[in-house]
Amino acid sequence: MTSFKPFAPIAAAVLSLSLVACGGSSSAYSLSGTVSGLDSAASVTLLNNGRDALSISANGSFIFVTPLADRAAYAVTVGTQPIGETCTVTRGSGNINAANVTDITVVCMPPLVSTLAGSTTPGSADGTGSAASFYYPTGVVVDASGNLYVADTNNFEIRKITPAGVVTTLAGSTTPGFADGIGLAAGFNYPTDVALDASGTTLYVADSYNNEIRKINLTTGMVTTFAGSTTPGSADGTGLAASFHYPKGVKLDASGNLYIADFNNNEIRKITPAGVVTTLAGSTTPGAADGTGPAAAFNHPKGIAVDASGTIYVGDVGNNEIRKVTPAGVVTTLAGSTIPGSANGIGVAASFNAPKGVALNGNGTLLYVADGNNEIRKIDLATGMVTTLAGSTTPGATNGPAASASFNNPVGVAVDASGNVYVGDTDNHEYRKITP
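Residues numbered from 1 in each chain as written. Predicted model: local features only at pLDDT ≥ 70, side-chain atom pairs only at ≥ 80, totals over all residues. Heavy atoms only, no water.

### Considerations on the sheet that holds strand 30 (residues 321-325)
And step 1. In spatial order, the strands read 27-31-30-29-28; together these five strands make up an open sheet with antiparallel pairing. Every other strand in the sheet has two partners, leaving strand 27 (291-292) and strand 28 (301-306) as the edge strands with one partner each.
And step 2. As paired strands, strand 30 and strand 31 (residues 330-336) are joined by five bridges and run antiparallel to one another. Considered in strand 31, the bridge of Val325 is made with Val331. (Pairing = 2+ DSSP bridges. Helix = DSSP H or I, 4+ residues; strand = E, 2+ residues; numbered from the N terminus.)

Structural data, given as structure tokens:
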């Protein structure tokens, strides 16, 4: 097909009329700036006013192809972020004022890892930042205000960390126990995970060695036993008539149902708001089979997350896999295989090494995994692609850019509304933060 090229004076007139329609002046002005920090193997896509896409694959100057009329509005945003980095735009919006815009700045950075609270020395001290101490901390959940509630496993305590890193003890003491009560009067026995209800007023605890699910009223501080008893078992039932065997993971759905990764029973259990316990999937026989209900098999499931539709994601430790469970109990394998490893990829091409904690981002599109490889992995649920967000297979406690940061047996993971990822870095006795 032959393309039509208008006669130059006609084209100029059309452009002039278009610019007059946009802003009144017939002058056209350019939109430009600089990009820095972009990884040599990455690219970023910028948009002006939600369109006019410009792909940039190198640091330095850029200029949008489409000129703008005088007084026209512009708003430069990031359309597609580079893999492994986050780019931010400054001086990216305004109105043309009879001059070219040349000072738009785009800065790209990898995620950064820092220590929010704790140090590599175990302890049970309240305080701020490194002045606070934990003893093999694991599970973590974040509320709407950015406060963390954490399971300080070997201190037998439930702690709270503010966004500023101020740590206090909410319930329990350094002595194991099983008593209900307020504050130090309550007892836990190796609590491993926590879940917060939608109102932010009730905290649920997987009290692993007590074989119970406990409940903390955050208004009064009262700890009560919601389901299970200190005797291990796999019985369905209501409240104390039900039994668990080392429950390790706990999370809520939008309707207030609680889902439990029942570690030694190799089952995923469900508890209604009324305390009725049923078995959703798996059986007491360990295995790696996909299927529905008891026909499916897990091998010591630990981490658990639930999306807005009630789909459950499980860190299946003994199988080195991430499993997916529908509300009807249909189990499939999302990523990994029974062979341990640290490979990125899709489905069985990816590998994990005893993945533990799992957490979803706010819109349920990304799943984060605390991997026994001393890494935090990320799964894009639209594509199934597994990548490494931070850490490496070498244990350590290094902060800084995610690619050079290190962890030591991370177990718990949570994501706040801004996309910050929080990690219970168990063998470092710290809670770490990864910026988005």
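### Quick look at the side chain of Glu321
And step 1. Relative to the elements of secondary structure, Glu321 occurs in strand 30.
And step 2. What makes Glu321 buried here is its relative accessible area of 6%.
And step 3. Every residue in contact with Glu321, bar those within four places of it in the chain, is listed here: Ala288, Val314, Gly315, Asp316, Thr333, Ala335, Gly336, Ser337, Thr338 and Pro355. (Buried < 20%, exposed > 50% of the residue type's maximum accessible area, 1.4 Å probe, protein only. Contact = heavy atoms within 4.5 Å.)

### A short note on the environment of Thr192
And step 1. As for its placement among the helices and strands, Thr192 is situated in strand 18 (residues 191-196).
And step 2. Distance from Thr192 to Glu321, taken between C-alpha atoms, is 20 Å for residues 129 residues apart in sequence.
And step 3. For Thr192, the contacting residues outside a window of four places in its chain are Thr138, Gly139, Ala151, Thr153, Ala206, Ser208, Pro247, Lys248 and Lys302.
And step 4. Looking at Thr192, its side chain comes within polar contact range of the main-chain oxygen of Lys248, at 3.0 Å. (Polar contact = N/O pair within 3.5 Å; in protein donor to acceptor, adjacent residues only side chain to side chain.)

### Thoughts on the sheet that holds strand 5 (residues 60-63)
And step 1. Strand order in this open sheet of four strands is 5-2-10-8, and the pairing throughout is mixed. Looking at which strands have only one partner, the edges of the open sheet turn out to be strand 5 and strand 8 (86-90). Here the average twist between neighbouring strands, direction ignored, is 25 degrees. (Axes fitted to C-alpha atoms, helices over the stretch in contact; angles between N-to-C directions.)

### Digging into the pattern of salt bridges
And step 1. Counted by the stated rule, this structure contains 19 salt bridges.
And step 2. Two residues, Asp180 and Arg214, come together in a salt bridge whose shortest N-O distance is 2.9 Å. Residue Asp180 is located in the loop between strand 16 (166-172) and strand 17 (181-182), and its partner Arg214 is located in strand 20 (residues 212-217); the two are separated by 34 residues in the primary sequence.
And step 3. The buried category is assigned to Arg214, whose relative accessible area is 0%.
And step 4. The salt bridge partner of Arg269 is Asp262, with a shortest N-O separation of 2.8 Å. Asp262 carries the same exposure label as Arg269, and that label is buried. (Salt bridge = Lys/Arg side-chain N within 4 Å of Asp/Glu carboxyl O.)

### Some points on the pairing of strand 21 (residues 222-228)
And step 1. Where strand 17 lies against strand 21, two bridges are found, and the strand directions are antiparallel. From the neighbouring strand, Ile182 faces strand 21, where its bridge partner is Met222.
And step 2. Here strand 20 runs beside strand 21; their pairing, made up of five bridges, is antiparallel. Paired with Glu212 across the two strands is Gly228, which belongs to strand 21.
And step 3. Counted along the chain from strand 20 to the antiparallel partner strand 21, the turn is four residues long, and its residue Gly221 has a positive phi close to 85 degrees.

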